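# Residue-level structural notes
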Amino acid sequence: MTLIRWKSWREIDTLQRQLNNIFEDTRVPSSFLDGGLSKVPAAEIQETENAIHLKLELPGIEAKDLDVQVTEKAVYVSGERKSETKIEEEGVTRSEFHYGKFQRVIPLSARIQNTNVTADYKDGILNLTLPKTEQEKNKVVKLNLEKTIN
């Protein structure tokens, strides 16, 4: 029986080269790299004393294709970016756009008055103003310093 040493670094190096080839190859379909995951819209959240301001980036999506639902604790956004099919006689078309359905749930750091939410949708940007409840605006927490001091 012959003893063969296992050269783990050689196998790791081979795996690294194979992964690099996958990501460098421009002919790999984007669905292969995505693993079937849907893309979610980017979000910005700004919190003030009276409200939470949520901005979502939704380029190329019409307002009729969006579903926005707001609870006291979260915002649920779903929609669909529809593809435009084009038939070309000659040439190659390459698209890095992501089409299909998406959804995103954004938890909020404070309770809001979901009946008083205002929305503005312009140029692919959805702006939501989520007013805080009176309880959240006036929330004061008293700290017990006796227990924290050694």
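In what follows, the accompanying structure is described. (Residues numbered from 1 in each chain as written. Predicted model: local features only at pLDDT ≥ 70, side-chain atom pairs only at ≥ 80, totals over all residues. Heavy atoms only, no water.)

### So, the pattern of salt bridges
- Per the stated rule, a full pass over the model turns up five salt bridges.
- A salt bridge links E47 to K132, with the nearest nitrogen and oxygen atoms 2.6 Å apart. Pair noted here: E47 is in strand 1 (residues 43-47) and K132 is in the loop between strand 7 (125-131) and helix 3 (134-137), with a separation of 85 residues, a long-range link.
- Residue E47 is classed as partly exposed on the basis of its relative accessible area of 43%.
- Looking at K132, the relative accessible area reads 7%, which means it is buried.
- K64 is the salt-bridge partner of E62, the closest N and O atoms lying 4.0 Å from each other.
- Each of E62, K64 and D65 takes part in salt bridges that share partners, so that together they form one network. (Salt bridge = Lys/Arg side-chain N within 4 Å of Asp/Glu carboxyl O. Helix = DSSP H or I, 4+ residues; strand = E, 2+ residues; numbered from the N terminus. Buried < 20%, exposed > 50% of the residue type's maximum accessible area, 1.4 Å probe, protein only.)

### Comments concerning the side chain of S78
- If you trace the backbone, S78 turns up in strand 4 (residues 74-81).
- In this structure, S78 is in contact with D65, L66, D67, F102 and Q103, ignoring residues within four places of it in sequence. (Contact = heavy atoms within 4.5 Å.)

### Section: the nonpolar core
- Membership of the largest hydrophobic core comes to 17 residues, with the highest contact counts inside it found for L54, L56, L58, V75 and L130.
- Residues in contact with V75, not counting those within four places in the same chain, are L54, V68, Q69, V70, R104, V105, I106, L108, L128 and L130. (Core = buried A, V, L, I, M, F, W, Y, C linked by side-chain atoms within 4.5 Å.)

### Quick notes on the sheet that holds strand 6 (residues 118-122)
- What the four strands build is an open sheet, ordered 1-2-7-6; its pairing is antiparallel. Pairing within the sheet leaves two strands with one partner each, and these edge strands are strand 1 and strand 6. On average, each strand axis in the sheet is inclined to that of its neighbour by 15 degrees, with strand direction left out of account.
- Pairing analysis gives five bridges linking strand 1 to strand 2 (residues 51-57), with the strands arranged antiparallel. Paired with E47 across the bridge in strand 2 is I52. (Pairing = 2+ DSSP bridges. Axes fitted to C-alpha atoms, helices over the stretch in contact; angles between N-to-C directions.)

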